[in-house]
Amino acid sequence: MDKISSIRGMPDVFESDSNYLAELNEILGKVFLSHNLNEINTPILEQTELFIRSTGITSDIVNKEIYSFNDRNEQSLSLRPEGTAGVVRSIIQKKLDSSEHKLWYQGPMFRYERPQKGRFRQFNQAGVELLGFEEGSSDLEIISIVCDIFIELELEDSVLKINHLGDKETKERFLSELLKYLKTYKGEFSENDKEKLNKNPLRLLDSKDVDLKEFLSKGPKIIDFLSSEQLNLLDNIQSIFGKYVEIELDSSLVRGLDYYTGLVFEAVSSNLGAQDSFLGGGRYDELSKDLGGKEMPAIGFAIGLERLNLIKKQKNIRSNKVISFVTTSSKMNALAFKIAQLLRSHNYDIRLETNFTDASLKAKLRKASKLGAKFVFIMGDEEFESNSITVKSFDEDGYQVNMSFDEIVDFYKDI
Ligand code: HAM
């Protein structure tokens, strides 16, 4: 019989990758809690209309990437391509759209994109939405959360790009200048850029066409159309958070979703290749009204967990939380299990992998390294005789130290 395989771009998460979700969520959860955010969970399936009215009819998401189908009742439903629309829909539906909410969520999203490194058709996002807050301190709060994620996940070789799209009126003035300037372009527009020109010319600013990019770099810049408050906000972000995160003002940053209005930002990492952006967000003051709700200014962002995992893997960070405990012969099993039981009871945060088979020590060490373990606890003949354990560090320093059972319990408690 033919075998059945998974859908392209929707890989099983298994083996070395299988713990990243739990680990990343734990770290992100801590950051979200420290900012006093509450969790929200919305369904994976929503009415297709929700995404047309939020991410926008001109966005790639709605045009080419959305997974839609009719249910048995002929109602058009879609797998969510992102989380913001569902969160806003939920708040409006609960009639909570005249109060303030600080929320976070995590879960799978679906986009019919061409799969490649860091790009999937099913992927996981963690997101934050601050709803009911006008431009000002909430913009700083959102960047502060991003900043804490950078610090907690040690993303020091990443850059946070920021830009401001202005308010409605600024945007209109800028667009009219941009269109005037584009009329003088002598080059050819690609099919993709032609579509942007007709539907949403602002998106031409992130065109991949080298000639058009060069031409636009000499054209009008949105920054020259911003009010002093808007410019102040960009300055404040740089001066408050610049010492923690590398921040770059990028006037070509427009983002691919139609709902953005003011501040927009994206985090990129040189460790990711073509899909270098792992976090994106911005202000979306009109979305609540576009979805039939009250005026509810808001700002948020989402982070791609698979891309974060790629960065972590490339940096070859060994997890503090993984320890491999090995013996050199199965005759030590009874004592080794006793010690493992004792250790776990002192610290359930650690993933203690026990390997008490008769395989060679070399093979066991290789396996521990592959697991991303930070330490290996070794019980060989000498240790067995002297009631002790050798701790080997897998860090660059590679130290090795012998500990009594009491000492190893203390060591384990504090990891
Ligand atoms: P987004 O930039 O479309 O924004 O996606 C956010 C992140 O999701 C990206 O930076 C990337 O890490 C990840 N991502 C997107 N597409 C894929 C894919 N095909 N495969 C793997 N990872 C992917 C949003 O979704 C907005 N809802 C963010 C937001 C929240 N804006 C305001 N509030």
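Data block above holds the structure.
Each value, and the rule that gives it
- Residues numbered from 1 in each chain as written.
- Predicted model: local features only at pLDDT ≥ 70, side-chain atom pairs only at ≥ 80, totals over all residues.
- Heavy atoms only, no water.
- Near = heavy atom within 4 Å.
- Polar contact = N/O pair within 3.5 Å; in protein donor to acceptor, adjacent residues only side chain to side chain.
- Areas by Shrake-Rupley, 256 points an atom, 1.4 Å probe, with all protein chains shown as cover.
- Helix = DSSP H or I, 4+ residues; strand = E, 2+ residues; numbered from the N terminus.
- Core = buried A, V, L, I, M, F, W, Y, C linked by side-chain atoms within 4.5 Å.
- Buried < 20%, exposed > 50% of the residue type's maximum accessible area, 1.4 Å probe, protein only.
- Phe/Tyr/Trp six-rings, centres within 6.5 Å; stacked < 30°, edge-to-face > 60°.
- Pairing = 2+ DSSP bridges.
- Axes fitted to C-alpha atoms, helices over the stretch in contact; angles between N-to-C directions.
- Left-handed = near helix turned anticlockwise from the far one by under 90°.
- Contact = heavy atoms within 4.5 Å.
- Parallel < 35°, antiparallel > 145°, perpendicular 65-115°, else oblique.
- Nonpolar A, V, L, I, M, F, W, Y, C, P; charged D, E, K, R; others polar.
- Salt bridge = Lys/Arg side-chain N within 4 Å of Asp/Glu carboxyl O.

The next thing to look at is the site of the ligand. Of all residues adjacent to the ligand, which total 26 residues, the nearest are Glu-82, Glu-113, Phe-120, Glu-129 and Tyr-260. Here an oxygen atom of the ligand sits 2.9 Å away from a polar atom, N or O, in the side chain of Arg-255. Between Phe-301 and the ligand, the recorded distance is 3.3 Å, taken from a backbone N or O atom to a nitrogen atom. Taken by itself the ligand offers 660 Å² of open surface, and the protein chains cover 96% of this.

Glancing now at unusual backbone geometry. Trans is the common state for peptide bonds, and a negative phi is the common state for residues other than glycine. Within the chain, Asn-36 stands out as a residue other than glycine whose phi angle is a positive 55°. Considering the arrangement of structural elements, one finds Asn-36 in the loop between helix 1 (20–34) and strand 1 (38–39).

Ranked by internal contacts, the top residues of the largest apolar core, which has 85 residues, are Ile-149, Leu-160, Phe-265 and Phe-278. Broken down by element, the residue count for this core peaks at seven residues, all from helix 5 (residues 137–152).

This part covers the packing of aromatic side chains. Inspection of every chain in the model, using the stated rule, returns 16 aromatic pairs. With centroids separated by 4.8 Å and ring planes inclined at 65°, the aromatic side chains of Tyr-259 and Tyr-260 adopt a geometry described as edge-to-face. The exposure class of Tyr-260 is buried, given its relative accessible area of 5%. Centre to centre, the rings of Phe-375 and Phe-411 are 5.3 Å apart; their planes meet at 75°, and the pair counts as edge-to-face.

Next up on the list: the pairing of strand 11 (residues 298–304). For strand 11, the buried fraction is high: seven of the seven residues fall into the buried class. Of the two faces of strand 11, both are covered, the one formed by Ala-298, Gly-300, Ala-302 and Gly-304 as well as the one formed by Ile-299, Phe-301 and Ile-303. Pairing between strand 6 (residues 122–131) and strand 11: seven bridges, direction antiparallel. Across the sheet, Gly-127 pairs through a bridge with Ala-302, a residue of strand 11.

Turning to the side chain of Arg-283, a few remarks are in order. Inspection of the secondary structure assignment puts Arg-283 in strand 10 (residues 277–283). Residue class for Arg-283 comes out buried when judged on its relative accessible area of 0%.

Between helix 5 and helix 9 (residues 228–241), the shortest axis-to-axis distance is 11 Å and the interhelical angle comes to 35°. Classified by chirality, the crossing of helix 9 by helix 5 is right-handed. Here Asp-139, Leu-140, Ile-143, Ser-144 and Cys-147 of helix 5 lie close against helix 9, whose contacting residues are Leu-233, Asn-236, Ile-237, Ile-240 and Phe-241.

With their axes 11 Å apart at the nearest point, helix 6 (residues 168–182) and helix 8 (residues 210–217) run at an angle of 125° to one another. With respect to each other, helix 6 and helix 8 are oriented oblique. Regarding helix 6 and helix 8, the two cross each other, and that crossing is right-handed. Two secondary-structure elements touch here, helix 6 through Leu-178, Tyr-181 and Leu-182 and helix 8 through Leu-212, Phe-215 and Leu-216. Here the residues of the contact of helix 6 with helix 8 are counted per class, giving six nonpolar, no polar and no charged.

Close approach of charged atoms allows side chains of opposite charge to pair. Tallying each qualifying case throughout the model produces 23 salt bridges. Glu-195 is the salt-bridge partner of Lys-199, the closest N and O atoms lying 3.5 Å from each other. Of this pair, Lys-199 and Glu-195 are both found in helix 7 (residues 191–199), four residues apart, which corresponds to roughly one turn of the helix. With relative accessibility at 34%, the residue Glu-195 sits in the partly exposed group.

It is worth spelling out the sheet that holds strand 2 (residues 45–47) at this point. Strands belonging to one sheet form pairs held by backbone hydrogen bonds; the direction of such a pair is parallel or antiparallel. Pairing in this open sheet of three strands is antiparallel, and the strands run 2-4-3 from one edge to the other. At either end of the open sheet lies a strand with only one pairing partner, and these are strand 2 and strand 3 (68–70). The average undirected angle you get between the axes of adjacent strands in this sheet is 35°. Summarising the sheet, strand 3 and strand 4 (residues 76–79) pair through three bridges and their orientation is antiparallel. Each bridged residue has a counterpart across the sheet, and for Ser-68 the counterpart in strand 4 is Ser-78.

This paragraph deals with the sheet that holds strand 10. Taken in spatial order, the eight strands of this open sheet run 1-5-6-11-10-9-7-8, and their pairing is mixed. Both outer strands of the open sheet, strand 1 and strand 8 (246–249), are each paired with one neighbouring strand and no more. In this sheet, strand 9 (residues 263–269) lies alongside strand 7 (residues 158–164) in antiparallel orientation, the contact comprising seven bridges. Bridge assignment links Ser-158 to a residue of strand 9, and that residue is Ser-269. Here helix 1 sits on the sheet and contacts strand 5 (101–110), strand 6 and strand 11; the angle it forms with strand 6, its principal contact strand, is near 5°. Along the sheet, helix 9 contacts strand 7, strand 8 and strand 9; its crossing angle with strand 7, the most-contacted strand, is approximately 165°.

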